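So you can see what is in the structure, the chains are spelled out below.
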Amino acid sequence: MRRSLFEDVHEDFRASFRTFLEREVIGEEGRYGEWERRGIIPREVFALAGRGGFLGMAVPDAYGGAGAEDFRLNLVIGEESQHAGVGSFSLGITLHNDICLPYFLRYCDEPQRRRWLPGIASGELITALAMTEPGIGSDLAAIATSARREGDHYLVNGAKTFITNGINADLVIVAVKTGAGGHQDRHRGISLLVLERGMDGFERGRNLEKIGQHAQDTAELSFTDVRVPVENLLGGEGEGFLYLVSNLPQERLSIAASAVAAAEAALAWTLEYVRERKAFGQAIGSFQASRFTLAELHGETQIARAFVDRCAQALNDAELTPEDAATAKWWCTDLQGRVVDRCLQLFGGYGYMLEYPIARAFADARVTRIYGGANEIMKEIVGRSMGL
Ligand SMILES: Cc1cc2nc3c(=O)[nH]c(=O)nc-3n(C[C@H](O)[C@H](O)[C@H](O)COP(=O)(O)OP(=O)(O)OC[C@H]3O[C@@H](n4cnc5c(N)ncnc54)[C@H](O)[C@@H]3O)c2cc1C
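Conventions and cut-offs
Residues numbered from 1 in each chain as written. Predicted model: local features only at pLDDT ≥ 70, side-chain atom pairs only at ≥ 80, totals over all residues. Heavy atoms only, no water. Core = buried A, V, L, I, M, F, W, Y, C linked by side-chain atoms within 4.5 Å. Buried < 20%, exposed > 50% of the residue type's maximum accessible area, 1.4 Å probe, protein only. Helix = DSSP H or I, 4+ residues; strand = E, 2+ residues; numbered from the N terminus. Contact = heavy atoms within 4.5 Å. Expected span 1.5 Å × (residues − 1). Bend = angle between axes of the 7 residues up to and from the residue. Salt bridge = Lys/Arg side-chain N within 4 Å of Asp/Glu carboxyl O.

Chemist: An account of the nonpolar core is requested, with residue identities and associated values reported.
Modeler: A general tendency of soluble globular proteins is for nonpolar side chains to be buried together. Ranked by size, the top nonpolar core spans 61 residues in total, and within it Phe20, Val25, Trp35, Ile41, Leu91, Leu253 and Val339 carry the most contacts. Among the secondary structure elements, those contributing two or more residues to this core are helix H1 (8–26), helix H2 (31–38), helix H3 (43–52), helix H4 (71–83), helix H7 (240–276), helix H8 (288–316), helix H9 (322–346) and helix H10 (357–365). If you tally residues by element for this core, the top one is H7, at 12 residues. Setting aside residues no more than four positions away along its own chain, Trp35 makes contact with Glu24, Val25, Ile40, Ile41, Pro42, Val45, Leu91, His214 and Ala215. Formed by 36 residues, the second largest nonpolar core is a distinct cluster that contains Tyr103, Tyr107, Ala175 and Leu234.

Right under this line is the structure:
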């Protein structure tokens, strides 16, 4: 089905990002595969992306960005990465642009904008968002990392885990407890502090070994008496939970959109394969069972695409609701799981071999139902919005 979401400017952006992927990420010598083996994207890739105009597109031009607050550009990056067999979250750019940047754009005061936005747009400052802790994930309001005000500093103590870009990040938005937050209003005690590379007592733990998304550095972070200047508080003290709730819909839409693009990519690889591969004297794709499978997956993916495109328009119009974003996230990531699994089956034994993109896509897909808020939590959000 023809999509009506994009204009010429997005297609031009798509073409230049595709060239960037081919030249700087995939490379003739299979650079991305090497990063997957090493478990991290080299920092220079962010600088190259910045130079190409693929970072911080929404940063105002006065601070080194393109001043283009248009989520369709972010969608293009996610789609092209997935279609090239490079997980968009594995690359780290999507987390930087779609998930972290909005906090800096919305809540930085003028001095913070001058300090951080140019580096975020150029790729010199890589960002991460740290909410999850070893003991707390879904129940965000129960985080334990504390920030006690002492004069012009906060003293931060605690630990975070599973943090994407955790090794590479220079600026980490950390959700902390600045107030006791009584049982009646436990959300009010949360604030967002920006911790910077090199602060005393801010340590990075292991780069965690994952089932998939191997090129993404996912790390544990620990904070021991880290003195963080009050100038590093994002927005108002005690407003952090509200900020997280208002920004999570964009994060969830970004994950949903990447999931649909991953499903499209899996379908394209599979169609090519089943046309070539023969069994019992005929192409695998000509068996009715294969046709039914592919027809179902194609249809479901198109329907998901239509919903995600509509959500992207709503986000651009500042109308995307938390429940629509949650619906997109749970449904599209469930779909991604179904599509990569059933496509892998059509590859037979080759589908289990990591040299085939479908095998890596299968491993990469599993986490999308967990991160960004587990799918069960998404259904809680939708259910509550229905008055249940
Ligand atoms: C690769 C990766 C990257 C990540 N990147 C980041 C990052 O950059 N920043 C960050 O802050 N976090 C990140 N996370 C953490 C991620 O967001 C959490 O893992 C996720 O929110 C789930 O939290 P949890 O792991 O503590 O699971 P838990 O909260 O312990 O949940 C375990 C299970 O219980 C279910 N459950 C919990 N509560 C309920 C309920 N009320 N009703 C029904 N079921 C429930 C969950 O759905 C889940 O299935 C990442 C995780 C991974 C694996």
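Read on for the rest.
Chemist: With reference to specific residues and values, describe helix H6 (residues 110–122).
Modeler: At 3.6 residues per turn, the α-helix brings residues three or four places apart onto the same side. The terminal C-alpha atoms of H6 lie 18 Å apart, and with 13 residues this matches the ideal 18 Å at 1.5 Å per residue to within 8%. Along its length, H6 shows its largest kink, about 35°, at Trp116, and proline Pro118 lies within four residues downstream of that point.

Chemist: Describe in detail the pattern of salt bridges, supporting the description with residues and values.
Modeler: Evaluation of the coordinates by the stated rule reveals 27 salt bridges. Between Asp309 and Arg3 there is a salt bridge, with the nearest N and O atoms lying 2.8 Å from each other. Here the residue Asp309 occupies a position in helix H8, and Arg3 occupies one in the segment before H1, the gap between them amounting to 306 residues. Put simply, Glu220 and Arg206 hold a salt bridge, and the shortest N to O gap is 3.8 Å. Taken together, the residues Glu220 in strand S7 (residues 218–229) and Arg206 in strand S6 (residues 202–207) connect sequence positions 14 residues apart. Note on Glu220: relative accessible area 28%, which makes it partly exposed. For Arg206, a relative accessible area of 53% translates into the label exposed. Through salt bridges with shared partners, one network takes in Arg3, Glu11, Arg14, Arg18, Glu79, Glu80, Glu264, Arg305 and Asp309.

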